[in-house]
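Structural overview for review
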Amino acid sequence: MYALVDGNCFYVSCERAFQPCLETRPVVVLSNNDGCVVSRSEEAKALGIEMGAPIHQLKELVSKGKVHIFSSNYALYGDLSRRMMSVLRRQAPMVEVYSIDEAFLHFEGISCPDWQALGQEIRMEVLRQVGIPTGVGIAPTKTLAKVANHLAKKQKAWGSVCVLETPEQIESALRSLPVGKIWGIGRQHEKLLLKHHLRTALDFTEAPAAWVRQHLSIVGARLQLELQGQACLKMETIIAPKKNICTSRSFGQMLSDFKPVSEAVANHAHRCACKLREQGSAAALITVFLNTNRFRPELPQYNPSLTLSLLNAGNSSLDLVARAQTALRAIWRQGYAYKKAGVIVSGIVPEQEIQLSFGADTGRLEKQRALMQTLDALRARYGHDAIAVATQGSSKAWHLRQERRSQRYSTCWSEMMEV
DNA sequence: TCTGGGGTCCTAGGACCC
DNA sequence: TCTGGGGTCCTAGGACCC
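Before going into details, it helps to say that this report is about the structure given with it. (Residues numbered from 1 in each chain as written. Chains lettered and ligands numbered in written order. Predicted model: local features only at pLDDT ≥ 70, side-chain atom pairs only at ≥ 80, totals over all residues. Heavy atoms only, no water.)

1. Examining the protein's contact with DNA strand C
We count it as follows: Only a single heavy atom is needed: when it lies within 4 Å of a molecule or strand, its residue is near that molecule or strand. Counted as a polar contact is a pair of N or O atoms within 3.5 Å, where, for protein atoms, one must be capable of donating a hydrogen and the other of accepting one, and residues adjacent in sequence contribute only when both atoms are in side chains. Numbering of helices and strands runs from the N terminus, with a helix taken as a DSSP run of H or I at least four residues long and a strand as a DSSP run of E at least two residues long. Charged residues are taken to be Asp, Glu, Lys and Arg, nonpolar residues to be Ala, Val, Leu, Ile, Met, Phe, Trp, Tyr, Cys and Pro, and polar residues to be all remaining types, Gly included.
By nearness alone, 13 residues border DNA strand C, and Glu-102, Lys-146, Gly-184, Gly-186 and His-189 come closest of all. Among the atoms of DNA strand C lying within 4 Å of the protein, the sugar-phosphate backbone contributes 100%. Take Trp-183: an N or O atom from its side chain is 3.4 Å from a sugar or linking oxygen of DNA strand C. Residue His-189 places a main-chain N or O atom 2.9 Å away from a phosphate oxygen belonging to DNA strand C. Only strand 5 (94-99) and helix 8 (187-195) provide two or more residues apiece to the surface near DNA strand C. The element contributing the most residues to the surface near DNA strand C is helix 8, with 3 residues. For the surface near DNA strand C, the residue count by class is 4 nonpolar, 5 polar and 4 charged.

Here it is, written out as structure tokens:
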């Protein structure tokens, strides 16, 4: 059996873990730049606040003090996520961390007389040790565990745990689930399935396999088998290195001058280089892109991007920042109000397998590697911003809005809660 | 006042090889 | 009457996920 455990409105629950007085209040957490709603408490949903709603649509509720608002605090959420995962690792022989707030547990070869009780125990353990309420779905395949988890959240009477074990339980669950709610069926496929009168997960499960294969590709075929109880999706317990890495941010305000945009791009390139070194990779390609504000169609729009190759695949912050600056200068046009910039690195290879160009300056590359090791050691000891490439600047004109961030209670000495 | 930031996988089609 | 039969690699675009 597989279990899917996920944190209820995870970011909101992280905030509540340190401010229990918000337990029964409407609470939302905003995206980066305090842009739109990315997490809502049940009470906030009841007020009609939609997922993804831009904050300016909430102004009335906010001014009347009807909803508590937080900027996102990824240091806090990341840390509570790690703690939640470590509790889960003690509950099951095999754990796959699927996202910041979800994990699959696999009980291979284990027969349990009472899955419902086990689910409750897992729930209580996470709640007791981390303070995060969760929902638990247990079933014979990952996709069915997702279905069970969905039902666990909907049916409060089940105590946030739902077990689908017998064919009767599975069939009745699938009958109650709209086809678009299946994990792996998105908007486009939902539209197609509805057009062919497949309205519930059960309809989809019983559709002719050849038809599914033809219209929804191998992915849909697997999905169907999973819903029929045949496990096709494996547990992925080792984290594979990323094949693309992107760092991008909207600016706190629109920017028309080169300098602050160039500082932002330098910061993003440096972050990409750090992420590459963290996973022991190097990149052969770097892309820089800019966006004007797409929500202001009356302003001139310009959304350029340029990909450059590196002479040798690398992960040095200095090299990547320099190459990103070259790309930025090539696409930069004066006269636009820019809203966002980003850097993507791709063509990723393991650090030890870099194919050097003919006549590469290996002495210099060796020096750069040593320098980056020192830089990373300083960052580890004194914080991410302890040392920077000069091009990153210090004006911070491009920085995010973040007006309502809570304290980094669990990762920062100076922000620890005092009792 | 004023809309986020990441990722993956699959397929079709073009270009190439013998 | 009527034009072979295999392959690989790369990329763009579309679908999906959190």
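Picking up after the structure, the text goes on.
2. As for helix 4 (residues 74-89)
For clarity, the cut-off: Any helix carries an expected span of 1.5 Å times its number of residues minus one. Any residue under 20% of the maximum accessible area for its type is buried, any over 50% is exposed, and the rest in between are partly exposed; the area is computed with a 1.4 Å probe on protein chains only.
With 16 residues, helix 4 extends 22 Å from end C-alpha to end C-alpha; this agrees with the ideal 22 Å at 1.5 Å per step. Burial in helix 4 covers these residues: Leu-76, Tyr-77, Gly-78, Asp-79, Leu-80, Ser-81, Met-84, Met-85, Val-87 and Leu-88.

3. Things to note about the protein's contact with DNA strand B
Around DNA strand B, a shell composed of 27 residues is seen, among which Cys-246, Ser-248, Arg-249, Ser-250 and Phe-295 lie nearest. Looking at DNA strand B alone, sugar and phosphate atoms form 80% of those within 4 Å of the protein. Interatomic distance of 3.0 Å between a side-chain N/O atom of Arg-222 and a phosphate oxygen of DNA strand B. One of the side-chain nitrogen or oxygen atoms of Lys-340 is found 3.4 Å away from a phosphate oxygen of DNA strand B. Within the residue set of the surface near DNA strand B, elements represented by two or more residues are helix 10 (209-227), strand 9 (245-255) and strand 12 (338-350). Counting residues per element, the surface near DNA strand B draws most heavily on strand 9, which supplies 6 residues. Taken together, the residues of the surface near DNA strand B sort by class into 6 nonpolar, 10 polar and 11 charged.

4. Examining the environment of Gln-169
Put simply, the rule reads: Residues count as neighbours in contact if any of their non-hydrogen atoms are within 4.5 Å of one another.
Inspection of the secondary structure puts Gln-169 in helix 7 (residues 167-176). On the basis of relative accessibility, which here comes to 36%, the residue Gln-169 falls in the partly exposed class. Remark: the alpha-carbon pair of Gln-169 and Val-389, spanning 220 residues in sequence, is separated by 59 Å. Not counting chain neighbours up to four residues away, the residues in contact with Gln-169 comprise Val-163 and Leu-164.

5. Points about the sheet that holds strand 4 (residues 68-70)
Note: strands within a sheet are paired through backbone hydrogen bonds, in either parallel or antiparallel orientation. This is how it is decided: By the convention used here, strands pair only if DSSP detects at least 2 bridges between them. Note on method: axes are straight lines fitted to C-alpha atoms, helices fitted across the in-contact stretch only, with angles between N-to-C directions ranging 0 to 180 degrees.
With mixed pairing, 3 strands are arranged side by side in an open sheet as 3-2-4. The open sheet has two edge strands, strand 3 (37-40) and strand 4, and neither has a second partner. For this sheet, the mean inter-axis angle between neighbouring strands, taken without regard to orientation, is 25°. Bridge count between strand 2 (residues 27-30) and strand 3: 3 bridges; the pairing is antiparallel. Each bridged residue has a counterpart across the sheet, and for Leu-30 the counterpart in strand 3 is Val-37.

6. A closer look at the pattern of salt bridges
Counted only if it meets this: Basic side-chain nitrogens of Lys or Arg form a salt bridge, by our definition, when they fall within 4 Å of a carboxyl oxygen of Asp or Glu.
Counted according to the given criterion, the structure contains 19 salt bridges. Glu-43 serves as the salt-bridge partner of Arg-16, at 2.9 Å between the closest nitrogen and oxygen. Taken together, the positions of Arg-16 in helix 1 (residues 10-18) and Glu-43 in helix 2 (residues 42-46) put the pair 27 residues apart, joining distant regions of the chain. Judged by relative accessible area, Arg-16 falls into the buried class, the value being 9%. Using a relative accessible area of 25% as the deciding quantity, one classes Glu-43 as partly exposed. Here Asp-79 and Arg-82 are joined by a salt bridge, their closest N and O atoms 3.7 Å apart. Of this pair, Asp-79 and Arg-82 are both found in helix 4, 3 residues apart, which corresponds to roughly one turn of the helix. Overall, the relative accessible area of 53% leaves Arg-82 in the exposed class. A single salt-bridge network, built from bridges that share partners, covers Arg-277, Glu-278, Asp-376 and Arg-379.

Honestly, it's all geometry; don't read function into it.
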